[in-house]
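Residue strings, one per chain:
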Amino acid sequence: MEVYLDNSATTRCFDDVAAYMTQVMCADYGNPSSLHTKGVQAEKYVRQARETIAKNLKVNEKEILFTSGGTESDNLALIGTAFANMRAGKHLITTAIEHPAILQTMQYLEQQGFRVTYLPVDRYGRISLEELDRAITHDTILVSIMHTNNEIGALEPIAEAGALIKQRNPNIVFHVDAVQGYGKFRIYPKRMGIDLLSVSGHKIHGPKGIGFLYVDEKVKIRPIIFGGGQQKGMRSGTENVPGIAGLGRAVELVYSHLEEDTERLYRLKERLINGVTQIPDVTINGYTGRESAPHVISVSIRGVRSEVLLHALEDRGIYVSAGSACSSNKPAVSATLRAIGTEKELLDSTIRFSLSVFTTEEEIDYTIRCLYDIIPMLRKYTRY
């Protein structure tokens, strides 16, 4: 039996998305910048995807910028906005539990002379709005807060943060990394005070190598990629038409029955948590109920190294992650687990299960049975 529970790393592409992309790659393969019929057809795919995404977010089509994925969207949001607005100030705010695409970009900006405040989080991974309020200064130009944490599923108070930021200074740009939240929640940037929103296709059963950045038309932002002037000069390079088309179709499909799918994911998450917490010395990191993401479960198993358990589960056909799979193919100490105050001996004993619309009850039950077998066996060989 094969059980894929690493959906926060990447998801299986919807069959309909893959078929749609094949049509674009093999039949309608023109360059959207070309003036002939093939080019016009290719440009139509790009336009349709942009319309679909804009309608989903309730924003203007011209505010959707296609990128190569979440990392590029984050980099463009932070670097492009920081340099475009540096005359107004050089203070940036983010959180201690952001994805490396944010944290490392912030470190780069610090090297360029910007000052960055990293907001702490509580033991459930949530920021304090009071601390955010205190962190804002006269020269704050950008705040970046993730929607959903990729390791423990913490949900940040995005709408409340957006309202607070705009009340303090309407000119502060508010960026949200929604790579893990988009496709699980309905997100409306205009209502939530969000100026920039990063999304990645392969987290919502679309293709890898494609994403988008929502950019409110009022935001001052500079491009970070230069060339042929595609996408009104904001992101040069021939558009990834198959990827864009696939992303648009994935957005349609994942939001077509979102509430039903989300309810089912919460039930599966509860089933997994109830099962694994029957094992002695097993704890769940972060919230476990509806105040957390429906698809992410972070589990610490005392006395068992995460990488060892990962491969033991792999031998049973179960695929999970030891922390975030986005930073490298080798597990590293988690900044998120440190930030929420996880015990030192559990930092290297934590694995992440992440579910999708394809996950079944049978797969969850099989995983629990395997954990019951594997964990006691591995603990026998642990040296204290």
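Residues numbered from 1 in each chain as written. Predicted model: local features only at pLDDT ≥ 70, side-chain atom pairs only at ≥ 80, totals over all residues. Heavy atoms only, no water.

Peer 1: I'm lost on the sheet that holds strand E12 (residues 350-354) in this one. Help?
Peer 2: Working definition: the strands of a sheet are paired by backbone hydrogen bonds and lie parallel or antiparallel to each other. In space, the three strands of this open sheet follow the order E9-E10-E12, with antiparallel pairing throughout. Lying at the two open borders of the sheet, with one neighbouring strand each, are strand E9 (282-285) and E12. Each neighbouring strand pair of the sheet contributes to a mean axis angle of 30 degrees, computed without reference to strand direction. As paired elements, E9 and strand E10 (residues 296-301) share four bridges and run antiparallel to each other. Bridging from a neighbouring strand, Val282 pairs with Ile301 of E10. (Pairing = 2+ DSSP bridges. Helix = DSSP H or I, 4+ residues; strand = E, 2+ residues; numbered from the N terminus. Axes fitted to C-alpha atoms, helices over the stretch in contact; angles between N-to-C directions.)

Peer 1: Would you mind showing me how to read the nonpolar core here?
Peer 2: The tendency in soluble globular proteins is for nonpolar side chains to be buried as a group. One finds Leu132 and Tyr182 to be the most contacted residues of the largest nonpolar core, which totals 62 residues. Dropping the residues within four chain positions of it, Leu132 is found in contact with Ile93, Leu119, Val143, Ile145, Ala161, Leu164 and Ile165. In this structure, Leu268, Ile279, Val320 and Ile374 belong to the second largest nonpolar core, which totals 32 residues. (Core = buried A, V, L, I, M, F, W, Y, C linked by side-chain atoms within 4.5 Å. Buried < 20%, exposed > 50% of the residue type's maximum accessible area, 1.4 Å probe, protein only. Contact = heavy atoms within 4.5 Å.)

Peer 1: Any chance you could explain the packing of helix H1 (residues 15-26) against helix H8 (residues 241-256) here in plain terms?
Peer 2: Where H1 meets H8, the axes come as close as 9 Å, and the angle between the chain directions of the two elements is 155 degrees. Relative to H8, the element H1 is oriented roughly antiparallel. Judged by the sense of rotation from one axis to the other, the crossing of H1 with H8 is right-handed. In this structure, H1 uses Asp16, Val17, Tyr20, Met21, Val24 and Met25 to contact H8, whose residues at the interface are Val241, Pro242, Gly243, Ala245, Gly246, Arg249, Ala250 and Leu253. Here the contact of H1 with H8 is composed, by residue class, of 10 nonpolar, two polar and two charged. (Parallel < 35°, antiparallel > 145°, perpendicular 65-115°, else oblique. Left-handed = near helix turned anticlockwise from the far one by under 90°. Nonpolar A, V, L, I, M, F, W, Y, C, P; charged D, E, K, R; others polar.)

Peer 1: So what exactly am I meant to see when it comes to the pairing of strand E2 (residues 64-67) here?
Peer 2: For a regular strand, side-chain orientation follows a simple rule: the groups alternate between the two sheet faces. The alternating pattern of E2 places Ile64 and Phe66 and Leu65 and Thr67 on opposite faces, both of which are buried. Relative to strand E8 (residues 211-215), E2 runs antiparallel, the two being bridged by four bridges. Among the inter-strand pairings, Thr67 is bridged to a residue of E8, identified as Gly211.

Peer 1: Mind showing me how you'd approach the pattern of salt bridges here?
Peer 2: Close approach of charged atoms lets side chains of opposite charge pair. Throughout the structure, instances matching the rule amount to 22 salt bridges. A salt bridge links Arg302 to Glu345; its shortest N-O distance comes to 3.1 Å. Of this pair, Arg302 sits in the loop between E10 and helix H10 (306-315) while Glu345 sits in the loop between helix H11 (335-339) and E12, and the two are 43 residues apart along the sequence. Judged by its relative accessible area of 28%, Arg302 falls in the partly exposed class. A relative accessible area of 48% places Glu345 in the partly exposed class. Arg316 is the partner of Asp373 in a salt bridge, and the nearest nitrogen-oxygen pair spans 3.7 Å. (Salt bridge = Lys/Arg side-chain N within 4 Å of Asp/Glu carboxyl O.)

Peer 1: Would you take a moment to explain the layout of surface pockets for this structure?
Peer 2: Remark: the empty space left among the atoms is shown by a probe the size of a water molecule rolled over them. What the largest pocket holds in volume is close to 430 Å³. The wall of the largest pocket is formed by 18 residues, among which Lys62, Ile64, Leu65, Gln231 and Lys232 lie closest to the centre. Contributions of two or more residues to the lining of the largest pocket are made by helix H2 (37-57) and E2. With three residues, the single largest contributor to the lining of the largest pocket is H2. Taken as a whole, the second largest pocket holds about 360 Å³ of empty space. Of the residues contributing to the lining of the second largest pocket, the split by class is nine nonpolar, six polar and six charged. (1 Å grid on protein atoms, 1.4 Å probe; cavity = no way out; pocket = protein on both sides within 12 Å on 5 of 7 lines; lining within 4 Å. Points joined across faces, edges and corners; volume = space filled by probe spheres on them.)

Peer 1: Where do I start with helix H9 (residues 258-276) in this structure?
Peer 2: At 3.6 residues per turn, the α-helix brings residues three or four places apart onto the same side. In this model, H9 (19 residues) spans 27 Å end to end at C-alpha, consistent with the 27 Å of a helix rising 1.5 Å per residue. For H9, the full list of buried residues reads Leu258, Asp261, Thr262, Leu265, Tyr266, Leu268, Lys269, Leu272, Ile273, Gly275 and Val276. On its buried face, H9 is in contact with H8, E9, E10, E12 and helix H12 (361-380). (Expected span 1.5 Å × (residues − 1).)

Peer 1: In this structure, what is going on with empty space enclosed by the protein? I would like to understand it.
Peer 2: Under the definition given, this model contains three cavities of 30 Å³ or more. The volume enclosed by the largest cavity comes to roughly 80 Å³. Top contributing element to the lining of the largest cavity by residue count: H9, with four residues. Here the residues of the lining of the largest cavity are counted per class, giving four nonpolar, four polar and three charged.

Peer 1: For this particular structure, what's the right way to read the sheet that holds strand E5 (residues 140-144)?
Peer 2: The strand order E2-E8-E7-E6-E5-E3-E4 describes an open sheet built from seven strands, whose pairing is mixed. Each of the sheet's edge strands pairs with one partner strand only, and the pair in question is E2 and strand E4 (115-119). Strand after strand, the sheet turns through a mean of 20 degrees between neighbouring axes, direction not considered. The sheet contact formed by strand E3 (residues 91-95) and E4 spans five bridges and is parallel.

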